[in-house]
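# Coordinates in review
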Amino acid sequence: MITLEVNQKKYEIDVSTDLPLLWVIREHLRLTGTKYGCGISLCGACTVHIDGKAQRSCQIPVGEAQGKKITTIEGIPEDHPVKKAWVKSQVPQCGYCQSGQIMQAIALLSEKPNPNDKEIMDVMSGNLCRCGTYRSIKKAITVAVKEGKK
């Protein structure tokens with residue numbers, strides 16, 4: 001049995017310790033906001049927070065996640081400044097990558113509350129968007145920074 005803390009709730013799951021965390025989140029916990037993109041940690045669609053750090057859940061064996069605090073997009077409140085900025089900036093097109101983008105942006109702002117444009121682009125460049133909404137993503141992060149200062 002694996003014990004996980006996901007979105008401040010405890011779960012006991014009977015799975016192999018080498019099963020990727022992504023599949024436990026999606027298939028066993030039914031938290032489907034975290035997406036499967038590439039399966040090799042390159043696109044960022046599966047980004048979650050583990051102990052506050054953005055991590056790619058497709059490459060993390062669930063056994064390594066035991067004893068850590070995991071947050072998925074479902075664990076981020078709707079009134080979070082980044083989620084509000086995403087809506088205000090009309091970022092999503094198809095929306096597939098957006099949960100991973102938001103999770104990466106929140107992690108960025110928790111480490112660097114006032115990033116410059118280069119820092120935003122450097123951190124967010126590892127998260128791919130099929131629709132190419134990169135300008136809107138950068139704008140939303142900038143809006144979240146400004147809103148956070150009010």
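Quick summary incoming for the structure in this document. Source: prediction; values computed, not measured.

A few words now on the packing of aromatic side chains. Within the structure shown, the criterion is met by one aromatic pair. Summarising the aromatic geometry, the rings of W23 and Y36 are spaced 5.3 Å apart at their centres and angled 35° between planes, so their arrangement reads as tilted. One end of the pair, W23, is in helix α1 (residues 21–28); the other, Y36, is in the loop between α1 and β3 (47–50), with 13 residues separating them in the sequence.

This part covers the sheet that holds strand β1 (residues 2–6). One open sheet holds the five strands; their spatial order is β2-β1-β5-β3-β4, and the pairing between them is mixed. With one partner strand each, in any of the chains shown, β2 (9–13) and β4 (53–56) form the two edges of the open sheet. Adjacent strand axes in the sheet meet at a mean angle of 40°, parallel and antiparallel pairs treated alike. Pairing between β3 and β4: four bridges, direction antiparallel. Within the sheet, the bridge partner assigned to H49 lies in β4 and is A54. Set on the sheet, α1 makes contact with β1, β2, β3 and β5 (69–71); between it and β3 the angle comes to about 105°. Running over the sheet, helix α4 (residues 98–111) touches β3, β4 and β5 and is turned about 40° from β3.

Where α4 contacts helix α6 (residues 134–148), the axes come no closer than 11 Å and their chain directions differ by 40°. The angle between the axes of α4 and α6 places the two elements in the oblique class. Judged by the twist between their axes, the crossing of α4 over α6 is right-handed. When α4 is examined against α6, the residues Q101, A105, L108 and L109 are found in contact with a partner set consisting of I137, I141, A144 and V145. Each residue belonging to the contact of α4 with α6 can be placed in one class, and the counts come to seven nonpolar, one polar and no charged.

Another point: the pattern of salt bridges. Taken as a whole and judged by the stated rule, the model has eight salt bridges. For K112, the salt bridge identified is with E119, shortest N-O distance 3.2 Å. You can call E119 partly exposed: its relative accessible area is 24%.

Here the focus is α6. Across its 15 residues, α6 extends 21 Å between first and last C-alpha, which sits within 8% of the 21 Å expected from 1.5 Å per residue. Those residues of α6 lying buried are I137, A140, I141, V143, A144 and V145.

Take the nonpolar core next. Counting 20 residues, the largest nonpolar core has V82, W86, L109 and I141 as the members making the most contacts within it. The set of elements that each furnish at least two residues to this core consists of α3 (81–88), α4, α5 (117–124) and α6. Setting aside anything within four residues of it in sequence, one finds W86 in contact with V91, P92, Q98, Q101, I102, A105, I137, A140 and I141. Formed by 16 residues, the second largest nonpolar core is a distinct cluster that contains V24, L29, L31 and A65.

Rules of the game
Residues numbered from 1 in each chain as written. Predicted model: local features only at pLDDT ≥ 70, side-chain atom pairs only at ≥ 80, totals over all residues. Heavy atoms only, no water. Phe/Tyr/Trp six-rings, centres within 6.5 Å; stacked < 30°, edge-to-face > 60°. Helix = DSSP H or I, 4+ residues; strand = E, 2+ residues; numbered from the N terminus. Pairing = 2+ DSSP bridges. Axes fitted to C-alpha atoms, helices over the stretch in contact; angles between N-to-C directions. Contact = heavy atoms within 4.5 Å. Parallel < 35°, antiparallel > 145°, perpendicular 65-115°, else oblique. Left-handed = near helix turned anticlockwise from the far one by under 90°. Nonpolar A, V, L, I, M, F, W, Y, C, P; charged D, E, K, R; others polar. Salt bridge = Lys/Arg side-chain N within 4 Å of Asp/Glu carboxyl O. Buried < 20%, exposed > 50% of the residue type's maximum accessible area, 1.4 Å probe, protein only. Expected span 1.5 Å × (residues − 1). Core = buried A, V, L, I, M, F, W, Y, C linked by side-chain atoms within 4.5 Å.

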